[in-house]
Amino acid sequence: KLLKVWGTKDNVPALIGLLESEPPFSPHFVPAMNALVALNDERGATAIAKYLTNPFKHEEAAKGLRDMGPLAVKGVVNGLDSRDNNERKAACEFLGNEKAVDETVQKQAARGLDRCLDDTTDVFGGIRQVAAKAEVVWADKDSVPSLCKAMVKDNSDVWQQCLEALTRLKDDRAVIPMLAL
């Protein structure tokens, strides 16, 4: 708790170590996470983002990342390429409510969301649905092919969000797929 007030960026590795060494019901997780949030360090955001899939710590991790704001996005974006479908879905859900200020991170997030939207292996997990919702916020001109492909009638679970993202982008390549609806 003292590190939340007196800590510096030099304390981040030790706090991450404490965060990662804790058992599921530990009393130290929230104070360590709060100290990382207060220090507002990218390394802390990456460490906290790993807990978005933990059923015991998901809510605290999501709150901590929201409190970090745009800085947390860079840590969460890495989860878009995880082999763990739950981590990918959690990353998409988080990104549906946040926006980065760094252009490189925005592009990285948009490409990661495009890959999640194109994923045909996730039949029941809902990754495509939350990725489509996040695309409304993150899609850029390079996302248009993925959005158009996802809008076909076979993908009725995501076409509305794709349409919303394409409408925001106002890209000519989307006109024919939109008319086909």
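Every residue gets a number counted from 1 within its own chain, in the order that chain's sequence is written. Local features in this predicted model are restricted to residues of pLDDT 70 or higher, and side-chain atom pairs are both shown and tallied only at a pLDDT of 80 or more, whereas totals for entire chains, interfaces and linings draw on every residue. Note that water and hydrogens are dropped before the side-chain values are worked out from all heavy atoms of the structure.

## Considering the overall build of the chain
Put simply, the test is: Here a helix means four or more residues in a row that DSSP labels H or I, a strand means two or more in a row labelled E, and each is numbered from the N terminus. Any residue under 20% of the maximum accessible area for its type is buried, any over 50% is exposed, and the rest in between are partly exposed; the area is computed with a 1.4 Å probe on protein chains only. Whether two residues are in contact is decided by their heavy atoms: any pair within 4.5 Å suffices. Neither His nor the chain ends is counted toward charge; the positive residues are Lys and Arg and the negative residues Asp and Glu. In this description, the location of a charge corresponds to atom NZ of lysine, CZ of arginine, CG of aspartate or CD of glutamate.
Each helix and strand counted, the chain has twelve helices and zero strands in total. Taken from the N to the C terminus, the helices and strands of the chain come in the order α-α-α-α-α-α-α-α-α-α-α-α. Considered along the principal axes of its C-alpha atoms, the chain spans approximately 60 × 30 × 20 Å. Out of the 181 residues belonging to the chain, those deemed buried represent 46%. The long-range fraction of contacts in the chain, counting pairs at least 24 apart against all pairs at least 6 apart in sequence, stands at 66%. For the chain, the distance from the average position of its 24 positive side-chain charges to the average position of its 27 negative side-chain charges is 2 Å.

## So, the environment of Glu 98
Position of Glu 98 relative to the elements: it lies in the loop between α7 (85–95) and α8 (103–118). Taking C-alpha positions, Glu 98 is 8.1 Å from Val 137, a pair spaced 39 residues apart along the chain. Leaving out residues up to four positions away in the same chain, Glu 98 has contacts with Arg 66, Gly 69, Pro 70, Val 73, Val 137 and Trp 138.

## Side note on the nonpolar core
The cut-off we apply is this: We call a set of buried residues a nonpolar core when its members are Ala, Val, Leu, Ile, Met, Phe, Trp, Tyr or Cys and they connect through side-chain atoms within 4.5 Å of each other.
The biggest cluster of nonpolar side chains holds 41 residues, and the ones touching the most others in it are Leu 19, Ile 48, Leu 65 and Leu 95. For this core, the leading source of residues is helix α3 (residues 29–39), giving seven residues. Discounting chain neighbours no more than four positions away, the residues touching Ile 48 are Leu 19, Met 33, Leu 36, Val 37, Ala 61, Leu 65 and Met 68. Cys 162, Ala 165, Leu 169 and Ala 174 belong to the second largest nonpolar core, which has 14 residues in total.

## Concerning the side chain of Asn 54
Applicable threshold: Throughout this description, a polar contact denotes any pair of N or O atoms lying within 3.5 Å of each other; where both atoms belong to protein, one of them has to be capable of donating a hydrogen while the other can accept it, and for residues adjacent in sequence the pair is counted only when both atoms sit in side chains.
Note on placement: Asn 54 falls in the loop between α4 (42–49) and α5 (58–68). A distance of 2.7 Å separates a polar side-chain atom of Asn 54 from the backbone nitrogen of Phe 56.

## Digging into the packing of helix α2 (residues 12–21) against α4
Our working rule: Every axis in this analysis is a line fitted to C-alpha atoms, fitted for helices over the stretch in contact. Angles between the N-to-C directions lie between 0 and 180 degrees. Angle categories: roughly parallel below 35 degrees, roughly antiparallel above 145, roughly perpendicular from 65 to 115, and oblique for all the rest. Only Asp, Glu, Lys and Arg are considered charged, only Ala, Val, Leu, Ile, Met, Phe, Trp, Tyr, Cys and Pro nonpolar, and every remaining residue, Gly among them, polar.
In the contact formed by α2 and α4, the axes pass within 10 Å of each other and the chain directions differ by 5°. It follows that α2 is roughly parallel to α4 by the angle criterion. Only Arg 43, Gly 44, Ala 47 and Ile 48 of α4 make contact with α2, whose side of the interface consists of Val 12, Pro 13, Ile 16, Leu 19 and Glu 20. Grouping the amino acids of the contact of α2 with α4 by side-chain chemistry returns six nonpolar, one polar and two charged.

## A look at the confidence of the model for the chain
We apply this condition: Residue-level confidence of the predictor, termed pLDDT, takes values from 0 up to 100.
Overall, the predicted model of the chain reaches an average pLDDT of 85, with 92% of residues at or above 70. Least confident of the elements in the chain is helix α1 (residues 2–6), whose mean pLDDT is 61; most confident is α4, at 92.

## Here's the deal with the pattern of salt bridges
Going by this rule: Salt bridges, as used here, are contacts in which a Lys or Arg side-chain nitrogen is within 4 Å of a carboxyl oxygen on Asp or Glu.
Going through the model one piece at a time under the given rule, you end up with twelve salt bridges. Taking the shortest distance from any N to any O, the salt bridge between Asp 41 and Arg 43 comes out at 2.9 Å. With its nearest N and O atoms 2.9 Å apart, the salt bridge here joins Asp 114 to Arg 111. Here Asp 114 and its partner Arg 111 are both found in helix α8, three residues apart, which amounts to about one turn of the helix. Asp 114 gets classed as buried once you look at its relative accessible area, which sits at 6%. Each member of the salt-bridge network shares a partner with another, and the members are Arg 111, Asp 114, Asp 140 and Asp 142.

## Let's talk about the environment of Leu 71
For Leu 71, the location among the structural elements is in helix α6 (residues 70–77). Assessed through its relative accessible area of 25%, Leu 71 is described here as partly exposed. In the structure, Leu 71 is positioned 29 residues away from Ala 100 in sequence and 7.2 Å away in space, judged by C-alpha atoms. In contact with Leu 71, not counting residues within four places along its chain, are Asn 40, Asp 41, Glu 42 and Ala 45.

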